[in-house]
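If you want the building blocks of each chain, they are given just below.
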Amino acid sequence: MKRSAFYKYLKKPGSYRILAGSIIVGLLALATLTGGAWTSYGPDELDLDHLLTPPSVGWMKRLLATEAGLRMQQRNQAGGRGDSHPRAVTADDEDLDFLQGDSARDGKPAEDSASLGGAAGSPTDAGSGGEGPSAAGAATGGDGGYGQEARHTNKAHLLGTDKNGRDMMALLVAGARNCFLPGLVTCAFALGLGVPLGLFAGYYGGRVRKIVGTFNSTILSLPRLVLILVVICALEPNVYYTMGVLGATLIPRVSELIATRVRILSNMGFILAAKEAALSDFKILYRHLFWYQNRAVFFIQFSLIMAESILVETTLSYLQFGTKPPEVSWGNIIEGSQMSFFSGFYWITFFPAMAIILAILGFFYLGDGLNARLAYREGR
Amino acid sequence: MLEVPLLSIKDLCIWFGGGGNYLKAVNHASLEVGRGEIVGLIGQSGSGKTTLAMGLLGLVKGYPGLWAGTAELDGKNLLPDMSRLITLKGDNVEKRYIPYQRAHRRQLHGVLGREIATIFQEPKASLDPFYTVGEHMLEALERNLDRHGGAATGGGLKAVGIGLLKDVGLVDAENLWGLHPHEISGGMAQRVMISMALCAKPKLLIADEPSTSLDVTTQAKLLQLFLHLRDKHGLSIIIISHDIGVIQEISSRIYVMHRGSVVETGASARVLSSPKHPYTASLLDSFSRFGEKLPMPPANPDAGKGCAYREMCAAYRGMLTQDERTRCEGDKPPGQAESLAAAAGVAPVDWSKCHYADKNKAHGPGTPSTANMDRLSAADGSQENIVEVRALRKRFSQGTRSFLALNDISLSIPKGGTYGLVGESGSGKSTLGLSLMALQDVDGGEIIYKGEDILKQSKARMLVLRREIRMLFQHPEGVLNSGMTIESILAEGLEREGRVETADKRRRVSEALEQVRLDPSHGARYPSNLSSGEKQRATIARALITKPAFLVCDEPVASLDLAIQSQVMSLLKEFQRHLGLSYLFISHNLALVKILAHRIGVMYMGYLVEEARVEHFTVSGVRHPYTRLLLASTPSLDPGIREVLAAYPDVEPVRLEGGCPFRNRCPVYLSKRDSICETAMPPLVEHSAGARVACHFPLG
Amino acid sequence: MRSIAKIVGFFAGSLFLVSLLIFGIIHLTPGDIAEIHNLSPSTAHQLYLDRPMAIQYFLWLRGCLTLDFGISMVNGAKVSSQIAEYAPPTLLLTFGSLFLSLLVSIPLGVYRGLRPVSPLGKFISLAVYTLSSIPVFVLGYIVLAVVFGVFRFYVTTPPDGPFRFWPYVSYYSLPIFVLAVGNGTIGEFVRFISLEVQNVNSAMFIKAARARGSSLWKHFFRSMVLPIFNIIVTNMAVLLGGLVVVERIFNFHGLGWLSWEATLKRDFSVIMGITLVMAFLIRVFMLANDLLAVWLDPRMRE
C-alpha cells in the first residue's frame, strides 16, 4: 500500500512531539517578532472603561468560570460595565478578600479586609502581607506607570482585561518577547561556552578534562536559583544578567554531554583516521566532532535550554527579580495579581500560566522529539 | 538416528516485524541433537543461527511478529502453545508478545540453567561486575543443591565450586574465587561461565560463538575443553559459530544456515569433504581458497523463481543437463519443512536444500589454486626495502605499573612486498603499526622510510609523507564518520594537496571508488547505507585516493564475514600487483597473513620472537615454540595439526619480568627448566637462511 | 585507600573553590557594600569591610569554618543563628519531597524501563513530561486553588512543639508535593530510572543470569543502587533551588524564604551564609555518593 510522505514521517519516533513542539515554538517566535502589531490593544493601553472584564469567548467562560467568578460577573454586569470602580460593588463579598493586595490602589477601605480573617484569610499573607513586595508592585504602578488611556474602547477584549484595564491578549503577546529574548541569551552562554569546553575536554582528555571537570563540579555544587540570587544580590536585578548566570550554570550539563559523546566517538576510530589523513586539530574538532556528529545535540540542547530559561525567567519575574513592571512578563503578570484566581478573576492568572506551561512544553517536546529521532538514527 | 534425540526442534519460525512485511530471522528450521553429541550450527552474520538458539530460550531481542514450530527436550515441550497467543495478521506485535513471553518463561521454568545451560560470545560482560567469581559460583550451586547431594554447607559448596573450576582448567581456582570479573581475562571468564553451567549438571550446553572474542591460542584450548566435557559428563553441545575451523574441529554433525533457513545438514566429515549445497561449498571455498575472488551468495534466497543459488552452483554451471537445469530455474528446491513432511516427521539426517543433492560431489569445493605461489616471485628480486624499523622502543605506563609494548623491534619491509606481523592481543603489533604512521610517539629507535627518518621529520614534510603512507583500520564503521557522505570522506585526503578543483576532486573520488569496485554513485551515500564489505572497500579507497606507496593494514578484515574477507584480500593482492604497493599486514590470524605476506614476523609481549620468509611457517619448519603454538591453534581444515597442542600447558599469557616472556607457556622450558630462560631474554639471531629466532633452545 | 583520600581531598578542594566563587561574586562586583547599606564604621569593621580583600576573604572563611557567618547587614542579627532557626523546616521539606519523589518515581520508572512501548509506559512518559514543564509557582497556585476551592481549608500556622502526626502532615504535605512535582524532580527521577533500568535490562550479564534461570532481582538491585543514589545527588541542587519559590508561595519560613528576603534587602552576609551551607550540604551528598561508589563498585577501587 502506498502511504503519503506525511504518514511515513509520523511513523518515525518522536515525530508527534516534534510537530507539537514546533507549532508552539513557531507561535511564540511569531509573537516575539510581530510584537503587538496584530492585537487590538497595545500592552500599555489602559481601557479604563473595562477593568477586570472577563474573556469575551463564551465557551471559555462557561468552561472556566468558578462559582465565585460567575457571581462576580453578574454583579459587574448589574453595576454597569462602565463603572470604573468595580470594587465598590463587591466590597462585602467574602471572596474578594484575596484581592486586597490588588485593590489597594482602588482605595478599598482597609477595615473591610480587616474584618475578614480566620483560616481562609491566612494564605493571603503570602501575597499581600506586611512585607508587601507584591502589593508594592501593583500599588506603585499607577496609571501613569502603565501607559496612557486607550482610545478605541469599543473593541472586544478576547481574553479579558486586568485590574488596570490592560488587554490580556496584548499582555500575553508582549510577555512572549520577554521570555524568548532572555532565553536566547541563556543559550548563547550555555552553548557558546559549553560546546567548545565539552569538545576540548573530550578530545584532549588529561589535564584539559580535569580543569573543565573541576569548573563543572564547582558550578554543580550550588543550587541554580540560589546562585542566581547571589548574583542578583551583588548586582542590580537585571533579567539579562540573570539569564547569563543561568547560562553559566547550564555549561556543565552541555559540556559533560558533549565530552562524553566525544570520548565515545574517539574510540570509534574516525578521529585516528582523520589524523592519519593529516587533518588539523581544528578541522577534526569542528568538522568531524561538532558539525557531523554533534550538531543534532546542539539543536536538542538549544530547545531544552530555551524551555529551562523560560521556566527560570518566569520564576524570577514572579520573585520580582526578573522582568520588572511596567515591562510585561508572564511571570510578573501572575505575581502582580497573586490571588485573583481564588476570587473569580481567573483569567488574569489562568492565561499567563497556560502560556508559560505551553511555551515550556513546546520547547521540551521539540527537544525530546529531536532526541528520540537522533537516538533512532544512531540505532540506540 | 535410532535413539530418541535429546533436543528436537521442528519447523521453527521466528519472524520479526508485522503487517505482511516480515524479516524471516528463522524460517522453518528443524534441528536435532543426540545425547552426548556436539552439533555445529554454522552460518554468516545474519543467518539466524543465534536467533534460533535465543528464541528457543526465550531470550530473543525485540518483538517477533510470528512464532511457530515445536521444540522438545527429552520429551518436555519448550515452547508454549502459540496458536492462542500469536497470529499471523496484524501489525501491533508488542501487545501480543508480552503474554507470549510470559507463557514461554513459565514453560522454561526448571529448564533454563537446569537442563539447558548457555554461554555467550562476550564472557566478561556475561558476569555481573559487582559480584566475585566465587559469588557467581555459589549462586549457581545454591540453585542446584539437589544435584550436589551432601554439599549443602557453605564450606562444602565452596569446595565443590573450586572443584568445578579446576575441572574446566582453571588451575588457580582458589585465587580466582575472590576476584571480580574485571580482574580476569576473557578466556578465564568463559571458563568460569562454563563451570557455572556445569553446576547444574545440564543435559545440553548451547555455546553461542564461545571463542569469537578470544585469542587463537585460548580458543584452541577452549575447544579441547568442550571435547573433554562431552567425554567426561556426557554433555550434548550445540556450538554456534561463523568459523568453519571451529565447528569442524569438535562437532560430529553440522547444520549450515543461510538467511534463516537450514540449507544443509549431515555428518561433519561428509559436509566438509563433499558438500551437497552450493552455499556450503562457497563457505568452504572462502576458507580454503582464501584471497580469491568468489561468487557471492544471494541476499534473499526466497525471492524470485527457481533455486536462488544456481548462479554460484558449480553443478548448475557445469555438470547438469539442459533438462535438469530447467528444474533448477523453475522450482525452488524443497526446504527442511517439506522434506520433513515427506519423510513422515522423521528429520532427515543427511540432507541438503537442493534438487540434485544425491549427485554427490556435484558442488564440491574447488581445489586451492596455486595463485598464492605466484606472488612469491614478485618481491623476490627486489632487495630494496621501503621501510626499515630500527630498535623501536615504546613504554606504556599505567599508574605505578609500566611495561614495554615495543622492545627494540627491528624489521625491514621489502619494496613492493608484504610484511606480515602476527601476534595475540597485547603483543604490541598494533602499537608498532601506529608508530609507523607517526600516530603514536615512541621512546626510541628509528623508522626509515625511503631513506628519511619519519620520527625526525618536520610537520610540513610529514604532511607530504602522510599522503604516501596510509593506513587501513580494523573497524570500517568506526573509520567512516557516520554523518559524512563517502565522497566527502574520500575528498578529505586531497585537502592537504592544496587547492584541488571541484571537478578534479570529483573525478579522483570516483576513480578511487572504481578501483575498489564500488559504483561511483556510492559516493553520495552515507556509511550506514553500505554493507560491511562495501564500507571496508570505501576505507581502502580512502587510502588509495592519495596514491600511496605504503599501506599499514591493521587487522583490515578481522571484523568481516569470511566471504567478504576473501574479497578484500583479493583486492589487496591485486593492488600490490598493479600499483606496486607495499604492505605491513597486521593480524592475529597466521593463516590469513600467510596468504598475502612475503616475510612474517611473530610478536609476543612486545618482542619479535621469530621472523622469516613465508615458506618457513609450517608446523615442522618454525623454530620458536610460540610460533608453533600459533600455527597449531589457527583454525584449519587439517585436524592433524592439533596434536601439537597437547604439549602446551593450558595457562593464560602473562607479562613475565626478566628472562623469556614466553617461558610459562613453553613446553621446552617446562621440561628443561633451564635457568637461562629465567634470566636472559634470548636475542633475535639468524638461525637458518633468512630466518631469525629469539629462543635459547629453538625447535628441531 | 588512595582513592578514598583522593575523594576526600576533592571534597575539601571543591568546597574551597565554591567559597571563593561566592565571595568573588559578592565582593568583586561594582558597588561599595558599606555605602549601599549605610553601615556605620563600627559595623563595617565588624564585617571586616575595612580590610584588604584577601584578608576579608580569609577572615570570612575562618569564620565559616567555625560556623560563624558574620552578622546581618540589615538587622545585625547573627547569620548562623538565623540559619539554625530556619534550617529545620527546610530540611524536613527537602527530605520529605525527596522521599515522596523516590516513592513515586521508582515504581513508575521501573515499569516504564521494563515496558517502554506499552500504553501505560507511554502514558507515564507523557505525564512526566507535562508535569515537569509546570513551573513551581504555577503548580503552587493550582494546588492552592484546588485546596481552597474544594476544602476551603488550609493550615498555615507552622506546628511547633513535639511531633504530632496531623498538624505536621497537614502543614507540610502541600509544599512537599509541590516541590516534588513542580520542580521536575519526579520527572527527572522517572526518566533517569527508566533509562537505567533499560540499560541494565539489556546488559549481557542479565541475559546470562536469565539463561541460568537464576533470580534477576539480586543482580538488578545491585546495579541500580548506585545510579539511584547518583540521581538523588545530582537533584539535590535542583531541590534546594526550588525551595526559594515553594517557600515563597506557601509563606513557609525556611532557608529558601530567608534567601529570597535577603536578596530583596541585599543582605550580603545572609545570602553568602545560606549559599555556603547549601553548597556544603550538596557537597556532602556528592562525597557520600563517591564513597558509596568506591565501596560498592569493585571497578572503582583502583
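Residues numbered from 1 in each chain as written. Chains lettered and ligands numbered in written order. Predicted model: local features only at pLDDT ≥ 70, side-chain atom pairs only at ≥ 80, totals over all residues. Heavy atoms only, no water.

I tried to follow the sheet that holds strand S12 (residues 385-398) of chain B on my own but got confused; where do I start?
Across a sheet, paired strands are connected by hydrogen bonds in the backbone, their directions being either parallel or antiparallel. All names here are of chain B. Spatial ordering of the open sheet is given by S13-S12-S15-S16, a layout of four strands whose pairing is antiparallel. Since the sheet does not close on itself, it has two edges, and those belong to strand S13 (401-414) and strand S16 (452-453), each with one partner. Here S12 pairs with strand S15 (residues 444-449) via five bridges, running antiparallel. When the bridges of S15 are listed, Arg390 appears paired with Glu446. (Pairing = 2+ DSSP bridges. Helix = DSSP H or I, 4+ residues; strand = E, 2+ residues; numbered from the N terminus.)

Which parts of the structure should I look at to understand the interface of chain A and chain C?
Accessible area lost during the coming together of the parts is what is often quoted as the interface size. Opposite the 52 residues of chain A that make contact, chain C presents 51 residues. For the pair chain A and chain C, the two sides together bury roughly 4600 Å², of which 74% comes from carbon and sulfur. Inspection of the chain A/chain C interface yields zero salt bridges. The interface formed by chain A and chain C contains seven residue pairs in polar contact (both at pLDDT 80 or more). If you list the elements that add at least two residues to the side of chain A that touches chain C, you get helix H8 (124-128), helix H9 (133-146), helix H11 (206-220), helix H12 (224-234), helix H15 (281-318), helix H16 (330-336) and helix H17 (346-377) of chain A. If you tally residues by element for the side of chain A that touches chain C, the top one is H12(A), at 10 residues. Here the side of chain A that touches chain C is built from residues that sort into 33 nonpolar, 11 polar and eight charged. (Contact = heavy atoms within 4.5 Å. Buried area = accessible area lost by both parts, 1.4 Å probe. Salt bridge = Lys/Arg side-chain N within 4 Å of Asp/Glu carboxyl O. Polar contact = N/O pair within 3.5 Å; in protein donor to acceptor, adjacent residues only side chain to side chain. Nonpolar A, V, L, I, M, F, W, Y, C, P; charged D, E, K, R; others polar.)

Would you mind showing me how to read the packing of H12(A) against helix H13 (residues 239-266) of chain A here?
The axes of two packed helices give the description: the angle between them and the distance between them. Residue and element names in this part refer to chain A. Between H12 and H13, the least distance of the axes is 10 Å, while the angle of their chain directions is 140 degrees. One finds that H12 runs oblique with respect to H13. H13 is crossed by H12, and the crossing has right-handed handedness. On H13, the residues that touch Arg224, Leu227, Ile228, Val231 and Ile232 of H12 are Thr242, Val245, Leu246, Thr249 and Leu250. Residue composition of the contact of H12 with H13, grouped by class: seven nonpolar, two polar and one charged. (Axes fitted to C-alpha atoms, helices over the stretch in contact; angles between N-to-C directions. Parallel < 35°, antiparallel > 145°, perpendicular 65-115°, else oblique. Left-handed = near helix turned anticlockwise from the far one by under 90°.)

Got a minute to help me understand the environment of B:His522 in this structure?
All names here are of chain B. By secondary structure assignment, the location of His522 is in the loop between helix H20 (502-515) and helix H21 (532-544). Separated by 37 residues in the primary sequence, His522 and Thr485 have C-alpha atoms spaced 8.8 Å apart. If sequence neighbours within four positions are ignored, His522 has contacts with Ile486, Leu530 and Glu534.

Sorry, what's going on with the packing of aromatic side chains here?
The way to describe two aromatic rings as a pair is by their centre distance and the angle between their planes. Counted by the stated rule, this structure contains 29 aromatic pairs over all chains. Centre to centre, the rings of A:Phe200 and A:Tyr204 are 6.1 Å apart; their planes meet at 40 degrees, and the pair counts as tilted. Of this pair, A:Phe200 and A:Tyr204 are both found in helix H10 (residues 168-204), four residues apart, which corresponds to roughly one turn of the helix. Note on A:Phe200: relative accessible area 37%, which makes it partly exposed. A relative accessible area of 41% means that A:Tyr204 is categorised as partly exposed. Consider the rings of A:Tyr318 and C:Phe137, whose centres lie 4.7 Å apart with planes at 15 degrees: the pair is stacked. Residue A:Tyr318 is found in helix H15, and its partner C:Phe137 is found in helix H7 (residues 136-151); the two belong to separate chains. The two residues A:Tyr318 and C:Phe137 agree in class, both being buried. (Phe/Tyr/Trp six-rings, centres within 6.5 Å; stacked < 30°, edge-to-face > 60°. Buried < 20%, exposed > 50% of the residue type's maximum accessible area, 1.4 Å probe, protein only.)

I tried to follow the sheet that holds strand S18 (residues 550-554) of chain B on my own but got confused; where do I start?
Residue and element names in this part refer to chain B. With mixed pairing, eight strands are arranged side by side in an open sheet as S17-S18-S19-S14-S20-S21-S23-S22. Either end of the sheet is taken by a strand with one partner, and the two such strands are strand S17 (469-472) and strand S22 (685-688). For this sheet the average axis-to-axis angle between neighbouring strands, irrespective of direction, equals 25 degrees. Relative to strand S20 (residues 599-604), strand S14 (residues 418-422) is paired through four bridges, and the arrangement is parallel. Each residue of the ladder has a partner; that of Tyr419, found in S20, is Arg599. Where helix H16 (residues 429-436) meets the sheet, it contacts S14, S17, S18, strand S19 (582-587) and S20, and its direction lies at approximately 150 degrees from that of S19.

I tried to follow the nonpolar core on my own but got confused; where do I start?
Looking at soluble globular proteins, one finds that nonpolar side chains tend to be buried together. Counting residues in hydrophobic clusters, the biggest one holds 171 residues, and the most contacted among them are A:Leu289 and A:Trp330. If sequence neighbours within four positions are ignored, A:Trp330 has contacts with A:Leu28, A:Leu171, A:Leu172, A:Gly175, A:Ala176, A:Cys179, A:Thr314, A:Pro352, A:Ala355, A:Ile356 and A:Ala359. (Core = buried A, V, L, I, M, F, W, Y, C linked by side-chain atoms within 4.5 Å.)

What is the right way to look at the side chain of B:Arg537 in this model?
Residue and element names in this part refer to chain B. Of note, Arg537 is situated in helix H21. For Arg537, which is buried and forms no salt bridge, the nearest opposite charge comes from Glu534, at a distance of 4.9 Å. Filtering out sequence-adjacent residues up to four positions away, Arg537 remains in contact with Val516, Arg517, Leu518, Gln567 and Leu571. (Lys, Arg positive; Asp, Glu negative; His and termini not counted.)

What's the story with the confidence of the model for chain A in this structure? I'm lost.
In regions of low pLDDT, the predicted coordinates are not meant to be interpreted in detail. With 68% of its residues at a pLDDT of 70 or more, chain A has an overall mean of 74. In this model residues 79-146 of chain A is a low-confidence stretch, pLDDT under 50, and it forms 96 contacts with partners more than four residues away in sequence or in other chains. (pLDDT = per-residue confidence, 0-100.)

Sorry, what's going on with the interface of chain B and chain A here?
Tallying the contact residues gives 21 residues for chain B and 17 residues for chain A. Summed over both sides, the interface between chain B and chain A buries roughly 1600 Å², with carbon and sulfur atoms accounting for 53% of that surface. Salt-bridge contacts for A:Lys283 lead to B:Glu495; the nearest nitrogen and oxygen are separated by 2.9 Å. Linking chain B with chain A are 12 residue pairs in polar contact (both at pLDDT 80 or more), by the criterion used here. Mapped onto the side of chain B that touches chain A, the elements with two or more residues apiece are helix H17 (459-468), S17 and helix H18 (476-479) of chain B. Per-class residue counts for the side of chain B that touches chain A are 10 nonpolar, four polar and seven charged.

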